[in-house]
Each structure stands twice: as structure tokens, then as C-alpha cells.
Amino acid sequence: MKSSWNTRLRVGLAVGAAAIAIPLTAATASAAPPPGDGWIPVGAEKYPSKAECEAKELPNAQANGYHEVWCDDSKEIMPIFNR
């Protein structure tokens, strides 16, 4: 009887850990910036800030059927991605 409870406890802990780990890893994967999860490179432009780049590029992205813009501000001329 004792080993049955130990087995149940171990299985319960493993299932609980998996239930927590799976959503955490899935959330970070879906939030990944380009080149992950559906981002399409559309060009590059020089902007004073990432926020200005994304604000000015959004109407163009929406006109082409996309709903998000991501500008890579790690470069002076920012690569622009849409999805």
C-alpha cells in the first residue's frame, strides 16, 4: 500500500510540473520576435526610435493584410518585419 501512494505522489508531482512548464514555454515561444512565428521581412528604414518606426509602418502593414509590425532597433537602419 505504501508504494502505491509513493507512485501516485510522484505521478501527481510530474503532471503538476508539466502543467506549469508547458504554458510557460509556449508563451515565450509565441511571443518571440523575428525571425520566429510568422514574421515576414518587408524592408529596412532609418527611424529615430523603435516606437516611431512601428507607429509609422503599421498603416502600411495593415494595408497589405498584416496586423503587427516589429522593428529591429539593434541596427541604425532598422529591419522591419510584419505579421
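Note: the structure precedes this text.
1. Comments concerning the state of the cysteines
Overall, the coordinates contain 1 disulfide when judged by the stated rule. The residue that forms a disulfide with Cys-53 is Cys-71, at a sulfur-sulfur distance of 2.0 Å. On the sign convention where negative means left-handed, the S-S torsion of about -75 degrees between Cys-53 and Cys-71 marks this disulfide as left-handed. Here Cys-71 lies in strand 2 (residues 69-71) and Cys-53 lies in helix 2 (residues 50-63), a separation of 18 residues in the sequence. The exposure class assigned to Cys-53 is buried, which follows from its relative accessible area of 0%. Given the relative accessible area of 0%, Cys-71 is considered buried.

What counts, and where the lines are drawn
- Residues numbered from 1 in each chain as written.
- Predicted model: local features only at pLDDT ≥ 70, side-chain atom pairs only at ≥ 80, totals over all residues.
- Heavy atoms only, no water.
- Disulfide = S-S within 2.5 Å.
- Helix = DSSP H or I, 4+ residues; strand = E, 2+ residues; numbered from the N terminus.
- Buried < 20%, exposed > 50% of the residue type's maximum accessible area, 1.4 Å probe, protein only.

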